[in-house]
Amino acid sequence: MSTQKWHGHDIAAKVARAAAVVGCTALVLTVTGPGAQASGRDAARQTLPAGDGWGSYGTGTTGGAAADAAHVHTVSTWADFKAALAAGGDAPKIIKVKGTIDAVSEGCDAFAAAGYDFDAYLARYAPETWGLDTDLSAEPDDSPEGLRRTSAANQDKAIKANIPSNTTIIGIGKNAGIKGASLQIKAVDNVIIRNLAFESPIDCFPQWDPTDGTKGNWNSEYDTAVVYGSTHVWMDHNTFTDGSHPDSAAPTYFGMLYQQHDGELDIVRGSNYVTASWNVFTEHDKTILIGNSDSESTAVGDRGKLKVTFHHNQFSDLVERAPRVRFGQVDSYNNHFVANEDYAYSFGIGKESQLVAEHNAFTLPEGVSAAKVLKRWNVSPVTAADNYVNGKLTDLIAVHNAEIPAEVLQPGAGWTPTLRTKIDPVKKVPGIVGRGAGAGRVC
């Protein structure tokens, strides 16, 4: 049996820079919501402050702040982490992560079905023999594709973790993290995730789809975290990175990148009232998706939901989707975007989106135009005021429309955000965010 393995690629230095630690913050945060306990200086019981983005709307986001002693767990293994999540149902709980937990510590071979062979998979479905007109959905269970499906199901069961309502998950100290896992915040309410360095899960068994595009494509599963049909979620002081498995180290098969990553944070299926603050999103392609389909408004009620706030996050060395938005009222302010030569865009303007992008700083390399910051996927209005590119005040809509007249953007998202903390002067944002964002900075 053989399964595809990654070649060694050490980017530890980059990861260290992304999550560089200059000290912890021990803030006394306002308690929101009925019945919440005073949080004091215990970071595990801190709650989202009143008025801090959409996550503070209504009942607010308190996570497991009210947990009793029996529902406070300290874990250092993937098995113990999943057991702690399952214990006590939806009773308030706090899970403290110590060190780095690896959900795929035994490697991809541990999930492979008996008889699965990647070389046999490549031989059977090579375009020169299989062609590009027929997908693999009808392949029997004992075929290379059937064995891949079984292997993928094994991984799916192993690396996904369902997060219950009324839960706080927090890293202890400066070096806590989770590798190779997919956190499922699905059909729940009131979740806090803080102070963790996440290494994106890799799909050990991507599927080849000959009919995807004109040349076929490899398609992968597993977001690092997905908020799916859930409400009141606070993601704070986390670092999201591809870590030791960057796309730059991935091989190509059938002339296409062997893609093993999906998103870092997706907010979909009627989710609502989410705040993402002081996180680092780095070294990734399709980063954040809000609303996963143009047709979802009818199926799951996306219209009128998907209200999300992003503030004081650093988005660095990303290709796209920071975020891409459908339907939602999304507020993005005081974030720092640092691009490299692979940059495609930051904000994706999708169907019925109502994006407000204000008071943000952009650091673009020479030769990359500010016209690329906004990308129009559908005709939806956008508010983009007081944004600075390389230290200069820039009208992002005007520069986009001037350089890309075939995709004219309309100004005015039609609403004014009110749930904001202090708005920092944009010229100070790169320094403020650089010193404060990312994992390892919450005591």
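Residues numbered from 1 in each chain as written. Predicted model: local features only at pLDDT ≥ 70, side-chain atom pairs only at ≥ 80, totals over all residues. Heavy atoms only, no water.

### Here's the deal with the overall build of the chain
And then number 1: Looking only at helices and strands, one finds eight helices and 32 strands in the chain.
And then number 2: Within the chain, residue pairs in contact and separated by at least 24 positions form 74% of the contacts whose partners lie at least 6 positions apart. (Helix = DSSP H or I, 4+ residues; strand = E, 2+ residues; numbered from the N terminus. Contact = heavy atoms within 4.5 Å.)

### Section: the pairing of strand 19 (residues 280–286)
And then number 1: Across the seven residues that make up strand 19, a large majority, six, are buried.
And then number 2: In this sheet, strand 19 lies alongside strand 14 (residues 239–241) in parallel orientation, the contact comprising two bridges. Residue pairing in the sheet places F240 in a bridge with F281 of strand 19.
And then number 3: Judged from the five bridges that link them, strand 19 and strand 22 (residues 314–320) form a sheet pairing that is parallel. Pairing of F281 across the sheet is with F315, part of strand 22. (Buried < 20%, exposed > 50% of the residue type's maximum accessible area, 1.4 Å probe, protein only. Pairing = 2+ DSSP bridges.)

### Side note on the sheet that holds strand 26 (residues 347–349)
And then number 1: Taken in spatial order, the eight strands of this open sheet run 4-7-12-17-20-23-26-29, and their pairing is parallel. Looking along the sheet, the strands with just one partner apiece sit at the ends: strand 4 (160–162) and strand 29 (374–376).
And then number 2: Pairing analysis gives four bridges linking strand 7 (residues 182–186) to strand 12 (residues 225–228), with the strands arranged parallel. Residue L183 lies in a different strand from strand 12, and its bridge partner there is A225.
And then number 3: Across the sheet, helix 5 (residues 144–159) lies against strand 4 and strand 7, angled at about 40 degrees from strand 4, the strand it touches most. (Axes fitted to C-alpha atoms, helices over the stretch in contact; angles between N-to-C directions.)

### Examining the environment of D212
And then number 1: One can find D212 in the loop between strand 10 (207–209) and strand 11 (217–219).
And then number 2: Considering only alpha carbons, one finds D212 and L132, 80 residues apart in sequence, at a separation of 8.6 Å.
And then number 3: For D212, the residues in contact, after removing those within four places along its chain, are N217 and N219.
And then number 4: Side chain to side chain, D212 and N219 meet in a polar contact 3.4 Å long. (Polar contact = N/O pair within 3.5 Å; in protein donor to acceptor, adjacent residues only side chain to side chain.)

### Observations concerning unusual backbone geometry
And then number 1: The peptide bond linking A322 to P323 adopts the cis configuration, its omega dihedral lying at 0 degrees.
And then number 2: Its location among the elements puts P323 in the loop between strand 22 and strand 23 (324–325).
And then number 3: The backbone of H237 sits at a positive phi, close to 55 degrees, despite the residue not being glycine.
And then number 4: Mapped onto the secondary structure, H237 falls in the loop between strand 13 (231–236) and strand 14.
And then number 5: Despite not being glycine, H359 shows a phi value in the positive range, around 60 degrees.
And then number 6: Within the secondary structure layout, H359 lies in the loop between strand 27 (354–358) and strand 28 (361–363).
And then number 7: In this structure H359 comes out as buried when scored by relative accessible area, which is 14%.

### Here's the deal with the sheet that holds strand 5 (residues 167–171)
And then number 1: Sheet architecture is open: ten strands sit in the order 1-2-5-8-13-18-21-24-27-30, paired in parallel fashion. Sheet topology places strand 1 (72–75) and strand 30 (382–383) at the edges, where each strand pairs with a single neighbour.
And then number 2: Looking at chain direction, strand 27 and strand 30 are connected through two bridges and run parallel. Looking at the pairing, V356 lines up with T383 of strand 30.

### Some words on the state of the cysteines
And then number 1: This structure, assessed with the given rule, holds one disulfide.
And then number 2: In this model, C108 is linked to C204 through a disulfide, with the two sulfur atoms separated by 2.1 Å. Judged by the torsion about the S-S bond (-70 degrees), the C108/C204 disulfide is left-handed. On the criterion of sequence distance, the pair formed by C108 in the loop between strand 3 (100–102) and helix 3 (118–125) and C204 in the loop between strand 9 (197–199) and strand 10 is long-range, its members being 96 residues apart. (Disulfide = S-S within 2.5 Å.)

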